[in-house]
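# Coordinate inspection notes
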Amino acid sequence: MLASGRGSNLAALLVARDCGDLPAEFVLVASDKATAGALRLAEGAGVPTLVLDPRAYPDRRRFDLDLFDRIADSGADLLVMAGFMRIIDGDALTPWIGRMVNIHPSLLPKYRGLQTHRRALEAGDREHGASVHYVTAELDGGPVIAQVHIAIKPDDDEQRLAQRLLPLEHRLLVAVVADIAAGKVSLDGDGVQFEQETLTQPLQWIEGRLKAAS
Ligand code: GRF
């Protein structure tokens, strides 16, 4: 897992594993920030950690190549990004295409990049949500696997909206990672595969489970 911040998504994945809902082994949590809460959580859970400081590298590309070499050395089959606040070099991530997912707090393709909650509110949107997508070289632009929607309330501000969405992000990410671990979700040249069918629309998190959109 790659994270730059507090690590609430990592916490949700670890809880799911501990409850028997996620058949996965955590082999590494890596960060570009020594202060990331995700690292403390990983240490507490006995998961190996790695911190690389981008300032110790001559450029972004060499940082990314070193980071991804070390991730490969960890033996990981799947790389989960949650709040990893860096754009990754295409050469570093190419070997991981189809094995790397990101959680993004918007209904992609809306609001790639930052400040997604503010942008949804400013646009007067009636609903907002989060997406889990396969990572490609295009920022927040890879094939979307699944989404969760929430209604925007008249008294929502950026913080309230983010707070209401976060627990749903956790459930969405856990469900997608569990389905990848179970071999139900994958990526091939045709797009996202779910139970041997190519998705034409992202899966939806509805009533506590992932469903194919009708
Ligand atoms: C989440 O809101 C995620 O959608 C976004 O960054 C945040 C990460 O939160 N990409 P955490 O560090 O997992 O708590």
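Residues numbered from 1 in each chain as written. Predicted model: local features only at pLDDT ≥ 70, side-chain atom pairs only at ≥ 80, totals over all residues. Heavy atoms only, no water.

## Things to note about the environment of Asp-32
What counts is decided by this rule: Helix and strand assignments come from DSSP, with helices taken as H or I runs of at least 4 residues and strands as E runs of at least 2, each series counted from the N terminus. A simple rule labels every residue: compare its accessible area, found with a 1.4 Å probe on the protein chains alone, to the largest value its type can have, and call it buried under 20%, exposed over 50%, or partly exposed in between. Two residues qualify as a contact provided that any one of their heavy atoms is within 4.5 Å of a heavy atom in the partner residue.
Topologically, Asp-32 is positioned in the loop between strand E1 (29–31) and helix H2 (37–44). Given the relative accessible area of 8%, Asp-32 is considered buried. Ignoring any residue separated from it by four or fewer positions in sequence, one finds Asp-32 in contact with Ala-3, Ser-4, Leu-52, Pro-54, Phe-63, Phe-84 and Arg-86.

## Points about the side chain of Glu-169
The cut-off we apply is this: In summary, the charge assignment counts Lys and Arg as positive and Asp and Glu as negative, without counting His or the chain termini. Take a side-chain nitrogen of Lys or Arg and a carboxyl oxygen of Asp or Glu: if they are within 4 Å of each other, that pair is a salt bridge.
For Glu-169, the position within the fold is in helix H6 (residues 158–181). Comment: no salt bridge for buried Glu-169; closest opposite-charge side chain is Arg-6, at 6.2 Å. Not counting the four nearest positions on each side in its chain, Glu-169 is found in contact with Asn-9, Ile-103, Pro-105 and Ala-130.

## Observations concerning the packing of aromatic side chains
Rules: For this analysis, a ring pair means two rings from Phe, Tyr or Trp (six-membered ring only for Trp) whose centres lie within 6.5 Å, classed as stacked if their planes differ by under 30 degrees, edge-to-face if by over 60, and tilted for the remaining angles. Geometrically, a charge over a ring is one whose NZ (Lys) or CZ (Arg) sits within 6 Å of the ring centre while staying within 35 degrees of the ring normal.
A full pass over the atoms with the stated rule returns one aromatic pair. Taken together, a centroid distance of 5.3 Å and an interplanar angle of 85 degrees make the contact between Tyr-57 and Phe-63 edge-to-face. Judged by relative accessible area, which is 1%, Phe-63 ranks as buried. The ring of Trp-96 is capped by Arg-99, whose NZ or CZ atom sits 4.1 Å from the centre of that ring.

## A short note on the site of the ligand
Note the threshold: One heavy atom suffices: a residue is near a molecule or strand as soon as one of its heavy atoms comes within 4 Å of it. Here a polar contact is taken to be a pair of N or O atoms separated by no more than 3.5 Å, where protein atoms must pair a possible hydrogen donor with a possible acceptor and residues adjacent in sequence count only if both atoms sit in side chains. Accessibility throughout is a Shrake-Rupley quantity obtained with a 1.4 Å probe, and a residue counts as covered only by protein chains that appear here. With a 1 Å grid laid over protein atoms only, a set of points is called a cavity when a 1.4 Å probe fits there but cannot get out and a pocket when it is open yet has protein on both sides within 12 Å along at least five of seven lines; lining residues have an atom within 4 Å of a point. Throughout, a molecule is located in a cavity or pocket provided that more than half of its atoms lie within 2 Å of its grid points. Note on residue categories: nonpolar means Ala, Val, Leu, Ile, Met, Phe, Trp, Tyr, Cys or Pro, charged means Asp, Glu, Lys or Arg, and polar means any other residue, Gly included.
The environment of the ligand is made up of Gly-5, Arg-6, Gly-7, Ser-8, Asn-9, Gly-83, Ile-103, Pro-105, Leu-166 and Glu-169. Between Asn-9 and the ligand, the recorded distance is 2.7 Å, taken from a side-chain N or O atom to an oxygen atom. In the environment of the ligand, a nitrogen atom lies 3.1 Å from a nitrogen or oxygen atom belonging to the backbone of Ile-103. Taken by itself the ligand offers 360 Å² of open surface, and the protein chains cover 86% of this. Comparing atom positions with the cavity grids shows the ligand to sit within the largest pocket. Residue assignment for the shell around the ligand shows that the elements contributing at least two residues are helix H1 (8–18) and H6. Residue classes in the shell around the ligand are distributed as three nonpolar, five polar and two charged.

## A word on the sheet that holds strand E4 (residues 100–104)
Here is the rule: A pair of strands is considered paired only if DSSP assigns at least 2 bridges between the two. Every axis corresponds to a line fitted to the C-alpha atoms, with the helix fit spanning only the stretch in contact, and the corresponding angles, defined between N-to-C directions, vary from 0 to 180 degrees.
Strand order in this open sheet of six strands is E3-E4-E5-E6-E10-E11, and the pairing throughout is mixed. Each edge of the open sheet carries a strand with a single partner, namely strand E3 (79–82) and strand E11 (209–211). Direction aside, neighbouring strands of the sheet carry axes that sit 25 degrees apart on average. Pairing of E3 with E4, which is carried by four bridges, proceeds in the parallel orientation. Bridging across to E4, Leu-79 finds its partner in Met-100. Against the sheet, H6 contacts E3, E4, strand E5 (127–134), strand E6 (144–151), strand E10 (203–206) and E11, and its axis sits at roughly 155 degrees relative to E6.

## Remarks on the layout of surface pockets
Heads up, the condition is: Grid points are joined across faces, edges and corners, and a volume is the space filled by probe spheres set on the points.
In this structure, the largest pocket spans a volume of roughly 870 Å³. Forming the walls of the largest pocket are 34 residues, and the residues nearest its centre are Gly-83, Phe-84, Met-85, Ile-103 and Pro-105. Elements supplying a minimum of two residues to the lining of the largest pocket: H1, E3, E4, helix H5 (116–122) and H6. The greatest single-element share of the lining of the largest pocket, amounting to four residues, is contributed by H6. In the lining of the largest pocket, the residues fall into 15 nonpolar, 14 polar and five charged. Roughly 420 Å³ of volume is contained in the second largest pocket. Lining the second largest pocket are 21 residues, with Ala-24, Glu-25, Phe-26, Asp-77 and Leu-78 positioned closest to its centre. Residue assignment for the lining of the second largest pocket shows that the elements contributing at least two residues are E3 and H6. The leading source of residues in the lining of the second largest pocket is H6, at three residues.

So far we have only geometry, and geometry alone does not tell us how the molecule works.
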